[in-house]
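Chain by chain, the residues:
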Amino acid sequence: LPAYNGLDPNPLMAPFFILFYGIMMADMGYGLLMMIASVVVLKKARPRAGMHNFFALLGLCGVSTFIMGAVTGGFFGDFIPQIIKLFNPESTFVWFWPPLFTPLEDTMMILVGAMALGFVQIVTGMAISLVKKVRRGQVMDAIWEEVTWWVVFAGLALAILGVTNLVIILGIVMVVAGSLLTGTGVGKITGIFGSLYNHVTGYFGDILSYTRLMALMLAGSVIAQVFNMLAAMPGNVIAFIIISMLGNAMNFGLNLLGCYVHDLRLQCLEFFNKFYVDGGKPFRPMTLDTEYVDLQ
């Protein structure tokens, strides 16, 4: 739970969590199953408290999964092209809309995009931290910590693009100045190297963590296609449907849990460590906590 002088991270985390989940799952069929399960449970079972929130989140992640599946052209992997080929081996099925990219053919682009999204979330976390520090009156801390590294990031980008090297030089000067002004004694010198090492390796490691977005998208897509390929070997439609559905059910179950865990890891480690402070106590009012009856 967040500390009393902190903030509720859920509204800040939710868009990233839902988007990242859809990127990792990325299949229209799986997204439909998630949305249907969410609607049925919320309407029929009417779960309470945490389980209600969980299935509501499942539905939102299903929407994101369906959209990303439409973008990549996945519907239980390549289920539709494979089953059409059983009727017409010469078929060259294409969707009504061309996929923007596919995991198998555009892996490098997806990898770069995943790290770019990670960079966006990390910068967002730094912006939240900056606002918190300014509100507490820690303006100089915000400048030497967040603003300095934004200047470094911008300088690196401009230097790589060949625009100018002045910004990266300014960033390095700010890194050195921050350590000299905030350190004491020998710590002024060691602080420079410590700041460079900790921040460079920290940000680089954090951004690399987001490659799991590409890895899980690729793994889920490949596993689904492998099962569909195996299902098509007998050449029988009924056998194809049975084998494909069993394989996709296993793939769906694994990804349902795997994407949840990896997505949550990105939020709690890469995002939260930029601004989040815990320490709150749960509010436990005196109430009748019934199991089968709701009291109003």
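This structure is a prediction, so every number in the text was calculated from the model and none was measured.

Here is what the cut-offs are and how they apply
Position numbers for residues start from 1 in each chain and track the written sequence from start to end. Given that this is a predicted model, residues contribute local features only at a pLDDT of at least 70 and side-chain atom pairs are listed and counted only at 80 or more, while totals for whole chains, interfaces and linings are drawn from all residues. Side-chain numbers come from the whole structure's heavy atoms, not from hydrogens or water. Only DSSP runs of H or I covering at least 4 residues are called helices, and only runs of E covering at least 2 are called strands; the numbering of each starts at the N terminus. The quantity called the radius of gyration is restricted to C-alpha atoms. Its globule counterpart is 2.2 Å times the number of residues to the power 0.38. Think of it in three bands: with a 1.4 Å probe and only protein chains considered, a residue is buried below 20% of the maximum accessible area for its type, exposed above 50%, and partly exposed in between. Only heavy atoms matter for contacts: two residues are in contact if any of them lie within 4.5 Å across the pair. Take the number of residues in a helix, subtract one, and multiply by 1.5 Å to get its expected span. One confidence number per residue, pLDDT, is output by the predictor and ranges from 0 to 100. Axis definition: a line fitted to C-alpha atoms, limited for helices to the stretch in contact. Angles are taken between N-to-C directions and run from 0 to 180 degrees. Relative orientations are named as follows: roughly parallel for angles under 35 degrees, roughly antiparallel for angles over 145 degrees, roughly perpendicular for angles from 65 to 115 degrees, and oblique for any other angle. By the convention adopted, Pro, Cys, Tyr, Trp, Phe, Met, Ile, Leu, Val and Ala count as nonpolar, Lys, Arg, Asp and Glu as charged, and the other residues, Gly among them, as polar. Salt bridge criterion: a side-chain nitrogen from Lys or Arg within 4 Å of a carboxyl oxygen from Asp or Glu. Residues forming no salt bridge and having over 30% relative accessible area are the ones grouped into patches, like charges within 9 Å of each other and nonpolar side chains (Val, Leu, Ile, Met, Phe, Trp, Tyr) within 5 Å. All accessible areas in this document rest on Shrake-Rupley with a 1.4 Å probe, and a residue is counted as covered only by the protein chains that are shown. Each Phe, Tyr or Trp ring, with Trp reduced to its six-membered ring, pairs with another whose centre is within 6.5 Å; inter-plane angles below 30 degrees give stacked pairs, above 60 give edge-to-face pairs, and intermediate values give tilted ones.

**Digging into the overall build of the protein**
When helices and strands are counted, the protein shows 10 helices and 0 strands. Computed over the C-alpha atoms, the radius of gyration of the protein is 24 Å, more than 25% above the 19 Å expected from 2.2 N^0.38 for a compact globule of 296 residues. Each of the three principal axes of the protein carries a C-alpha extent, and together these read 80 × 65 × 30 Å. The buried share of the protein, reckoned over its 296 residues, is 38%. Sequence separation of 24 or more characterises 77% of the internal contacts of the protein that already satisfy a separation of 6 or more.

**Remarks on helix α5 (residues 107-135)**
Over its 29 residues, α5 runs 42 Å from end to end, which matches the ideal 42 Å to within 8%, given 1.5 Å per residue. Remark: Gly137 follows α5 within two positions and exhibits a positive phi of approximately 85°.

**What about the environment of Val175?**
One can find Val175 in helix α7 (residues 166-182). When the C-alpha positions of Val175 and Pro89 are compared, they lie 63 Å apart, and in sequence the two are 86 residues distant.

**A short note on the confidence of the model for the protein**
Per-residue confidence for the protein gives a mean pLDDT of 87, with 94% of residues at or over 70. Looking at the elements of the protein, mean pLDDT is at its lowest for helix α8 (residues 187-209), recorded as 75, and at its highest for helix α1 (residues 10-25), recorded as 94.

**Here we look at the environment of Met217**
Following the sequence through the fold, Met217 ends up in helix α9 (residues 211-232). Apart from residues lying up to four places away in sequence, Met217 is in contact with Ile23, Met24, Ala26, Met68, Thr72, Phe101, Pro103 and Ile110.

**Quick look at α1**
With 16 residues, α1 extends 21 Å from end C-alpha to end C-alpha; this agrees with the ideal 22 Å at 1.5 Å per step. For α1, the elements touching its buried residues are α2 (28-45), α3 (49-72), α5, α9 and α10 (237-271). Among the residues trailing α1, Ala26 stands out with phi positive, at a value near 45°.

**Some points on the packing of α5 against α9**
Taken N-terminus to C-terminus, the directions of α5 and α9 make an angle of 140°; their axes are 7 Å apart at the nearest point. Classed by the angle they form, the pair α5 and α9 counts as oblique. Contacts between α5 and α9 involve Thr107, Ile110, Leu111, Ala114 and Met115 from the former and Thr211, Leu213, Met214, Met217 and Leu218 from the latter. Residues of the contact of α5 with α9, tallied by class, amount to 8 nonpolar, 2 polar and no charged.

**Considerations on the pattern of salt bridges**
If the charged atoms of two oppositely charged side chains come close together, the side chains can form a pair. Applying the stated criterion to the full structure yields 3 salt bridges. We note a salt bridge from Asp206 to Lys274, for which the minimum N-O separation is 2.8 Å. On the criterion of sequence distance, the pair formed by Asp206 in helix α8 and Lys274 in the segment after α10 is long-range, its members being 68 residues apart. Residue Asp206 is classed as buried on the basis of its relative accessible area, which comes to 11%.

**Considerations on a nonpolar patch on the surface**
Taken together, the side chains of Leu104, Val222, Val226, Met229, Leu230, Met233, Ile238, Ile242, Ile243 and Leu246 define a hydrophobic patch exposed on the protein surface, amounting to about 920 Å² of accessible area. Of all elements in the fold, only α9 and α10 reach the threshold of two or more residues within the nonpolar patch. Among the secondary structure elements, Leu230 is positioned in helix α9. By relative accessible area, which is 39% here, Leu230 ends up partly exposed.

**Considerations on the packing of aromatic side chains**
The final tally for this structure, using the stated rule, is 19 aromatic pairs. Look at Tyr30 and Phe76: their rings are 5.6 Å apart centre to centre, the planes differ by 75°, and that puts the pair in the edge-to-face class. Here Tyr30, found in helix α2, pairs with Phe76, found in the loop between α3 and α4 (79-87); they are 46 residues apart in sequence, far enough to count as distant. Residue Tyr30 shares its accessibility class with Phe76, and that shared class is buried. A centroid spacing of 5.2 Å and a plane angle of 80° characterise the contact between Phe153 and Tyr203, whose relative ring orientation is edge-to-face. Here the residue Phe153 occupies a position in helix α6 (residues 139-160), and Tyr203 occupies one in helix α8, the gap between them amounting to 50 residues.

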